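Structural characterization, general
Each chain, written out:
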Amino acid sequence: MDIQAGCLFCDEDVETMHHLLSDCWWVRKAFVEAGLSHIPKLYWGQLILHWVDAVAQDIGIEQVTRLLTCIWQVWYMRNQIFHHNCVGSTKDVGRRVDNLLDEFREAHSSDSASAATICSSLIRWRPPSGSYVKVNFDAALQDSKVGVGIIARNSDGMHLASRIVCLKGPSNPFFAECLAAKEAVLFAKDLCCDSIILEGDSLLTITGLNRVDIDLSATGLCLRSIKDLFPLFSSVKCNHVKRRANNAADLLAKHALLGSGSRNWSGICPDFLLSVIALDCSLVSS
């Protein structure tokens, strides 16, 4: 197997963190395009966190935000070259950094009253349409335990069934969410659902389920095993929501950590979930 060792930007040295943040002319030029011409180099043996801390003392929080955004975009460009043989320019980095920071400022320019209105009106659970069943899932971590919460509801917002599972699992939140997603799909199949909307607040998990490329990491293989179950249904849609729109599954996941094993509720909603379900239904009808 061929292993990529050289810098994908300049092809003049081995790709290391020190090379990228100190010696690579392409990255230094990208810094300039992003308005970061006076950033000191990472010296040999210096930890990147110590480097960022030292830089922050000199340039202030706004420039640190710009620097971290630029590093993120440099890494994105590097992966585009590695995975897709798509080569961008240093000017592309500068433009993307400016655009991302402009979008961030615009999104946070609203006053608190407007933000509260947005939260109350947009960030809420919404019922599925037609014959779809919406299956929300979430994971909670505590010590070496993973609590999984799943709830299935119809277009009226009615509680069809819910499930909690307490597993011994990894402390990796992404992998825990993947496990929860798989449990949710299996639960939906046990309920004989035909068409489902799989919904969670883990952006990485939902993005992974919607992607078509191959990922051979542990989480990638877990996501692949979930997608292998999709043909069991007539239709599967994967939807990401904010945590405020996933309160029921979140509460179930935390409740799962209180015990061990698993428990199901069919039809009748568990008492500790009644207020959350009532709130969701009131928002739907309002």
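Let us look at the structure shown here. (Residues numbered from 1 in each chain as written. Predicted model: local features only at pLDDT ≥ 70, side-chain atom pairs only at ≥ 80, totals over all residues. Heavy atoms only, no water.)

1. Let's talk about the nonpolar core
Buried together is how nonpolar side chains tend to be arranged in soluble globular proteins. Val 135, Phe 137, Val 185, Leu 198, Leu 209 and Ile 226 are the most contacted members of the largest nonpolar core, which has 31 residues in total. Elements that contribute at least two residues to this core include exactly strand E1 (133-142), strand E2 (145-153), strand E3 (159-168), helix H6 (173-190), strand E4 (195-200), helix H7 (203-210) and helix H8 (218-227). If one sorts the elements of this core by residue count, H6 sits on top with nine residues. Excluding residues that lie within four positions of it along the chain, Val 135 makes contacts with Ile 150, Ile 151, Ala 152, Ala 184, Ala 188, Ile 196, Ile 197, Leu 198 and Glu 199. One finds Cys 7, Cys 10, Ile 81 and Val 97 within the second-largest nonpolar core, a separate group that totals 26 residues. (Core = buried A, V, L, I, M, F, W, Y, C linked by side-chain atoms within 4.5 Å. Buried < 20%, exposed > 50% of the residue type's maximum accessible area, 1.4 Å probe, protein only. Helix = DSSP H or I, 4+ residues; strand = E, 2+ residues; numbered from the N terminus. Contact = heavy atoms within 4.5 Å.)

2. Points about the sheet that holds E4
Ordered by their spatial adjacency, six strands build an open sheet running E5-E4-E1-E2-E3-E6, and the pairing between neighbours is mixed. Either end of the sheet is taken by a strand with one partner, and the two such strands are strand E5 (235-240) and strand E6 (261-266). Each strand of the sheet is rotated relative to its neighbour by a mean of 15°, with strand direction disregarded. Across six bridges, E3 lies against E6 in antiparallel orientation. Among the inter-strand pairings, Arg 163 is bridged to a residue of E6, identified as Asn 264. Contacts from H7 reach E1, E4 and E5, with the element oriented near 145° to E5. Together, E1, E2, E3 and E6 form the strand contacts of helix H9 (residues 247-256), whose direction differs from that of E2 by roughly 140°. (Pairing = 2+ DSSP bridges. Axes fitted to C-alpha atoms, helices over the stretch in contact; angles between N-to-C directions.)

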